[in-house]
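Residue-level structure breakdown
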Amino acid sequence: MRPLGLCFHLLECKPMSFSSLPVSTLGVPRIGPHRELKSALESYWSGASDADALQKTATALRAANWARQYGLGVTVIPSNDFSLYDHVLDTTVMVGAIPEHYGWTGGKVSLDTYFAMARGNASVPALEMTKWFDTNYHFMVPELHRDQQFSLTSSKPLDEYLEARALGLETRPVLLGPVTFLTLSKSRDGNFDPISLIDRLLPVYIEILSQLHDAGAEWVQMDEPCLVLDLDTVTKAALRHAYYTLQQALPSLNIMLTTYFGSIVDMLDTVRTLPVAGLHLDLVRAPEQLDHVLSAMHSHQVLSLGVIDGRNIWRTDLAAKLNQLERVVAKLGKDRVQIATSCSMLHVPVDLQAEADLDSEVRQWLAFSVQKMEELTTLGLALANGRDVVSHALAASSDAASHRRSSRKVHSESVQSRIVSLSPEMAKRQVPFSTRAQEQRAALKLNLFPTTTIGSFPQTDAVRKARADHAKQRISTEEYTAFLRQETEQAIRWQEETGIDVLVHGEFERNDMVQYFGEQLNGYAFTTHGWVQSYGSRYVRPPIIFGDVSRPHAMTVDWACYAQSLTERPVKGMLTGPVTMLQWSFVRDDIPREKVCQQIALALRDEVSDLEAAGIKIIQIDEPAFREGLPLKTSEWQHYLDWAVSCFRLSSSSVRNTTQIHTHMCYSEFNDIMDAIAAMDADVISIETSRSKMELLDVFTDFRYPNEIGPGVYDIHSPRVPSVTEMTDLLQKALRHLSPEQIWVNPDCGLKTRHWKEVRPALVNMVSAAQALRNIFVQPAE
Ligand code: GLN
Ligand code: ZN
């Protein structure tokens, strides 16, 4: 059956008239150019459409992906890179590792069970979700137990291989490698290492690989990105064992072992012993590994050179890249080299052509997945036939690169001279925290156990509608502003009535905590359709930082002042921190990330000064992405933490002693970066702790956190309203580790995803909990 809406037969697509070196993508975006997968999933979940309709869309998306690659001249096309939700979850299902509570009793795993694992339902929670290496893609964490058994439970890799075959196309199936699968798994019963299950897992891999091989697959792509992590000797041994076992079972199947997101130089002793037919390197992220690997390769092995950035949206200077590639081809010969994206293009948007509104100058510096395939093909043709056959494409690429190097949009003298004149003093408050705390206490006169919230209040339907109406010009800017002022005023009044001590304006004017600032800064661009998958059906449109960042005007002062004008209580100024602004964007690749971060920090520093000058006494600089910036290799952590901390301090240290700086982080595992968090020297930090029942605070048994801290007492991820006793209990726990003067009382995170009907009673209870503690600690005046 040919999918609807796709009237092509692959072999009728324009064939290449020149030969090419093999060019491959390691995977392409699954979501569809118009986010078709999201619509199909949401329609299925809501009951509006059935499984057939969902599968039909999925089939059409796969066919379109294959056709697009084929049509653009990609010669090594992946299959099984598609997923309805997540490829790690697909692997968990494939090997039959479905935790008992999902009620699976063997046989094919139903869509309902699959989505229960992905999203949970009324009776079972979802699997845990975590970041895929250092990307913003999140995968569902496999949960294995000591007696885990595996069995081949899904034929997805084979089905999709045959599906492509039926369309006239030979593909290279992709599997998540067994070692990475186990490395990413968590153990469900105590401390056993999932890697110890390798022997039980391998037969399943052998079974599916045999099926693929029998069906005609000569090569498979085995993704083992765990090779760029710090692996212990047990895991290294498991790697050797796994690939020997696979090779013995299937001596004529060729495995392309793919690594990405870093260098495998530290692992070369192990990698050189693996009996694999090919090896893929991420030469965008770690170009320096090339020579080391070249000298360690066996004479028959194929090298896949990941030279087109699969993670970022920049166009490649192809002529410059060819210099490097021609050297490798000369050394290995044409039949041992493939040209590829550095990793799966899961992480980039589909097609730049869709961005009609993007600044045309910036646009010519970019490449989304379609443009990246064109780049791959150009390189493949040049290497096979010489540069002349693609001279136009090479010239255009060089022009764009040199234009970008010299553009005034990218390079700002004033920003650069500010960076040059930075001094260490600028990243230091004038006096130590202990002195500041006294002055702040005298100036702010806050209660003991002050109550506050993290910034946003519910983004109600009315708020969303007003924003959409304004964007579509259905209401005027005046009407929209009047509406926002009304919402803000109501929020301030309500907080006063509820007895919250430090108020927030509610962030009703913000669409997103990064976009709101990026849109007001120089050096940032935004796409209209540049969606990338964050997890499942949730996609984001990361801003693009293309040039030197500066702040043409104040960004938040008006709203902060308006809110402050309504009340005698302090209202917090609310900013997104430099590290988070960086982490959640596509970042320029022509200067180091830490330099970009410094520029953002300087822009924020100006905003902090303006807020202070306008009379705002407390300023919160959110850094929810601080921890996720940690490099994959622990040896690189300290360098990152040093610059990240110093950027935060650069943004926050211009203020008077009496101006109180807050920060906020919403995750609970920061025990291993406690020193850095203390070094940020925020006067107050609010953190997520309620879900872990304050376990995080155990770290303070050994480490005395010097400043003030608000361990979240209200889990905002749940619609549940916590009782007063629950919250006093949590605060009592916190008091075991912290002194009363240090403790703030606040929720885990912002409240934008909650409803007022939950938020109101929860915060009323929170204020009562703080009051209950005050009653214990504050002696009534005689
Ligand atoms: N101030 C932001 C809010 O309250 C913080 C969001 C976050 O931590 N992710 O929504
Ligand atoms: Zn948060």
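Every chain is numbered on its own, with residues counted from 1 as its sequence reads. Just so you know, chain letters begin at A and ligand numbers begin at 1, following the order they were written in. Reporting in this predicted model follows two pLDDT cut-offs: at least 70 for local features of residues, and 80 or more for side-chain atom pairs to be given and counted; totals over whole chains, interfaces and linings ignore these cut-offs and use all residues. Computation of side-chain values: all heavy atoms of the structure, hydrogens and water removed.

- The name an unreviewed UniProt entry gives the protein chain is 5-methyltetrahydropteroyltriglutamate--homocysteine methyltransferase, with Granulibacter bethesdensis as the organism.
- One UniProt comment on the protein chain, placed under Pathway (unreviewed entry), says "Amino-acid biosynthesis; L-methionine biosynthesis via de novo pathway; L-methionine from L-homocysteine (MetE route): step 1/1." UniProt positions are given in the numbering used here, feature names are shortened, and annotations may be inferred rather than shown by experiment.

1. Re the packing of helix α1 (residues 36-45) against helix α4 (residues 111-119)
- Packing of α1 against α4 brings their axes to within 13 Å, and their N-to-C directions diverge by 105°. What the angle tells us is that α1 and α4 run roughly perpendicular. Between α1, through Leu41, Tyr44 and Trp45, and α4, the contact on the second element is made entirely by Leu111, Asp112, Phe115 and Arg119.
- Within the contact of α1 with α4, the residues separate by chemical class into 5 nonpolar, no polar and 2 charged. Fitted lines through C-alpha atoms serve as axes, helices being fitted only where they are in contact, and the angles separating the N-to-C directions of these axes extend from 0 to 180 degrees. Where helices and strands are cited, they refer to DSSP runs of H or I of at least four residues and of E of at least two residues respectively, numbered from the N terminus. Between 65 and 115 degrees an angle is taken as roughly perpendicular, under 35 as roughly parallel, over 145 as roughly antiparallel, and anywhere else as oblique. Between two residues, a contact is recorded if the distance between any of their heavy atoms is within 4.5 Å. The classification used treats Ala, Val, Leu, Ile, Met, Phe, Trp, Tyr, Cys and Pro as nonpolar, Asp, Glu, Lys and Arg as charged, and all other residues, Gly among them, as polar.

2. Some thoughts on the coordination of the zinc ion (ligand 2)
- For Na, K and Ca the donor cutoff is 3.2 Å, while for all other metals N, O and S atoms count as donors only within 2.8 Å; water does not appear among the atoms, so some sites may look incomplete. Only His664 (NE2), Cys666 (SG) and Cys749 (SG) from the protein reach the zinc ion (ligand 2) as donors, at distances of 2.0 to 2.3 Å.
- In primary sequence terms, the donor set of the zinc ion (ligand 2) follows H-x1-C-x82-C. Remark: Cys749 occurs in the loop between α25 (724-735) and α26 (756-777) and Cys666 occurs in the loop between β20 (660-665) and α24 (674-679); sequence separation between them is 83 residues.

3. Focus on the sheet that holds strand β18 (residues 586-587)
- The criterion for strand pairing is that DSSP finds at least two bridges linking the strands in question. Reading across the sheet, the 3 strands line up as β13-β16-β18 and stay open at both edges, with mixed pairing between neighbours. The open sheet has two free edges, formed respectively by β13 (522-525) and β18, since each of these has just one partner strand.
- In this structure, strand β16 (residues 544-550) lies alongside β18, joined through 2 bridges in parallel fashion. Bridged to Ile544 within β18 is Phe586.
- Against the sheet, helix α22 (residues 593-613) contacts β13, β16 and β18, and its axis sits at roughly 50° relative to β16.

4. As for helix α16 (residues 433-444)
- Helix span, expected: 1.5 Å multiplied by one less than the number of residues in the helix. Along its 12 residues, α16 runs 15 Å from first to last C-alpha, staying within 8% of the 16 Å computed at 1.5 Å per residue.
- The buried label goes to any residue with under 20% of its type's maximum accessible area, the exposed label to any with over 50%, and the partly exposed label to all in between, with areas taken from a 1.4 Å probe on protein chains only. Considered for burial, the residues of α16 that qualify are Phe433, Arg436, Ala437, Gln440 and Leu444. Viewed along the axis of α16, the buried residues span an arc of 105°, placing them on a single side of the element.
- Buried residues in α16 make contact with β19 (618-622), β20 and β22 (708-711). The directions considered for the arc are those from the helix axis to the C-beta atoms.

5. What about the site of ligand 1?
- In the vicinity of ligand 1 lie 13 residues, with Ser456, Glu507, Asp622, His664 and Gly750 positioned nearest.
- Note that an oxygen atom of ligand 1 is positioned 2.7 Å from one of the side-chain N or O atoms of Ser456.
- N or O atoms within 3.5 Å of each other form a polar contact, as long as, within protein, one can give a hydrogen and the other can take it, and as long as residues adjacent in sequence are counted only when both atoms are side-chain atoms. Glu507 places a polar side-chain atom, nitrogen or oxygen, 2.8 Å from a nitrogen atom of ligand 1.
- In the complex, 94% of the free accessible area of ligand 1, which totals 300 Å², lies under the protein chains.
- Its residues placed into classes, the shell around ligand 1 shows 6 nonpolar, 4 polar and 3 charged. The near set for a molecule or strand comprises every residue that places at least one heavy atom within 4 Å of it. Accessibility throughout is a Shrake-Rupley quantity obtained with a 1.4 Å probe, and a residue counts as covered only by protein chains that appear here.

6. Describing the UniProt feature "active site" (unreviewed entry) in the protein chain
- As annotated by UniProt and renumbered to match this structure, "active site" (unreviewed entry) occupies His717.
- Residues within four places of His717 in sequence aside, it is in contact with Glu688, Arg691 and Arg754.

7. Here's the deal with the pairing of strand β11 (residues 302-308)
- Most of β11 sits inside the fold, with 7 of its 7 residues counted as buried.
- Alignment of strand β10 (residues 278-282) against β11, held across 5 bridges, turns out to be parallel. Of the residues in β11, the one forming a bridge with Gly278 is Val302.
- Think of it like this: strands point away, you trace from the first strand over the helix to the second, and a clockwise trace means the crossover is right-handed. Chirality of the crossover, the property in question, places the unit of β10, helix α10 (residues 289-296) and β11 among those that are right-handed.
- Summarising the sheet, β11 and strand β12 (residues 337-341) pair through 5 bridges and their orientation is parallel. Bridge pairing in β12 places Ile308 opposite Thr341.
- Following the chain from β11 across helix α11 (residues 318-332) to the adjacent parallel β12, one finds a crossover that is right-handed.

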